[in-house]
Amino acid sequence: MASFLVGICLLLIQPQLVPSRPTSNRENHTSPVTCNEGESKEAAGAKNIENGAHLNGTQQYLPHIIIIGVRKGGTRALLEMLSLHSDIAAAESEIHFFDWENQYKRGLKWYLNQMPFSYPHQLTVEKTPAYFTSPGVPERIYQMNSTIKLLLILRDPIERVLSDYTQVFYNHKQKNKSYPPVEDLLLKHRELNTDYKAINRSLYYPYMENWLKYFTLENIHIVDGDCLIRDPLPEMQKVEKFLNLSPQIKASNFYFNKTKGFYCLRDGGRDRCLHESKGRAHPQVNSFLMGKLQDYFYEPNKRFFELVGRTFDWL
């Protein structure tokens, strides 16, 4: 009987187990952007529980940030560099929710389920570079969240055209298929072939004009892709400031890889570089073609500068 009473006492004084909860790596983190206009992240989080919250305190949120483009502008590099920040949770793949009809028809719940699991203090980001040039996307994103933060990374339009060509060229090469020389595609009867899709994608002005019908420049931060390649830290510091993130990304997070010819990342003692498909040498074009490209993009570039109130080293 005495041993039974002792056992009961031990059970009563044993501390109760409580689930552990992760702590933020920032004592004073910034208030996260809301998932939907007028809805707090806490309210959104309550809805997200049914989509599978984890016991460690993480769950899925609609994105607070979207990298909207541009194709071959450096979106992957921007996403990887932004992921160096501990308060960022990034979707791994391009989701194409807002620009592919078959995806968009699946609804926001499907979109939410494509997001990474994140802690409450983190901001979720996804990137799909085709968003920038897709006419219906700005309105669809605005309907989801009119105050969302948008990142647009742009390069010199001519460099972007050549990078676009290079990617398609190597895609054909990997399949043992031939692909015409760049001059054959860009010139037709010694005039610039303005029907070539890569050229149209580099006309930033009309696409930006469409985005500004729904979002102000306060919602959109333009990252200089050429500067990001040459010296990534200053551009990433501007991104941190735009997103109200604490300054975490440092020079020590980058090192120049002479073999690849571009900067790689160092994160917590671990080195990583972008895929080998990045940083490929562009084709050399003759002075005649280069002159045609420069003449063609001169006026559209000037109009774009006036539209965004900022100049770039493209002229």
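Reference entry: report on the structure contained in this document. (Residues numbered from 1 in each chain as written. Predicted model: local features only at pLDDT ≥ 70, side-chain atom pairs only at ≥ 80, totals over all residues. Heavy atoms only, no water.)

### Observations concerning the state of the cysteines
Should the sulfur atoms of two cysteines be covalently bonded, the bond is a disulfide. Defined as follows: Two cysteine sulfurs form a disulfide in these notes if their separation is within 2.5 Å. Each residue gets one of three labels from its accessible area relative to the maximum for its type: buried under 20%, exposed over 50%, partly exposed in between, using a 1.4 Å probe on protein chains only.
For the structure on display, the rule yields one disulfide. Across a sulfur-sulfur distance of 1.8 Å, C264 and C273 are joined as a disulfide pair. Residues C264 and C273 are joined through a disulfide that is right-handed, its torsion about the S-S bond being 105°. Residue C264 is classed as buried on the basis of its relative accessible area of 1%.

### Some thoughts on the nonpolar core
Stated formally: Residues enter a nonpolar core if they are buried and are Ala, Val, Leu, Ile, Met, Phe, Trp, Tyr or Cys, with the set joined through side-chain atoms within 4.5 Å. Each helix corresponds to a stretch of at least 4 residues labelled H or I by DSSP, and each strand to a stretch of at least 2 residues labelled E; elements are numbered beginning at the N terminus. Residues count as neighbours in contact if any of their non-hydrogen atoms are within 4.5 Å of one another.
Counting residues in hydrophobic clusters, the biggest one holds 33 residues, and the most contacted among them are I66, Y111, I141, W211 and F304. If you list the elements that add at least two residues to this core, you get β2 (65-69), α5 (107-113), α6 (137-144), β6 (149-154), α10 (204-211), β9 (220-224) and α13 (287-308). Looking at this core, the element that brings in the most residues is α10, giving four residues. Apart from residues no more than four positions distant in its own chain, W211 is found in contact with I68, Y131, F132, V137, P138, I141, L150 and I220. The next biggest cluster of nonpolar side chains, apart from the first, holds 24 residues, and it includes M81, L82, V125 and L233.

### What about the sheet that holds β9?
Definition in use: In this analysis, strands are considered paired if DSSP registers two or more bridges between them. Fitted lines through C-alpha atoms give the axes, limited to the stretch in contact for helices. The angle between two N-to-C directions lies from 0 to 180 degrees.
Ordered by their spatial adjacency, five strands build an open sheet running β3-β5-β2-β6-β9, and the pairing between neighbours is parallel. Each edge of the sheet is formed by a strand with only one pairing partner; in this case those strands are β3 (88-90) and β9. The mean inter-strand angle of the sheet, taken between neighbouring strand axes irrespective of direction, is 25°. Sheet topology note: the β2/β6 ladder contains four bridges and is parallel. Following the sheet pairing, I67 is matched in β6 by L151. Set on the sheet, helix α12 (residues 232-242) makes contact with β6 and β9; between it and β9 the angle comes to about 175°.

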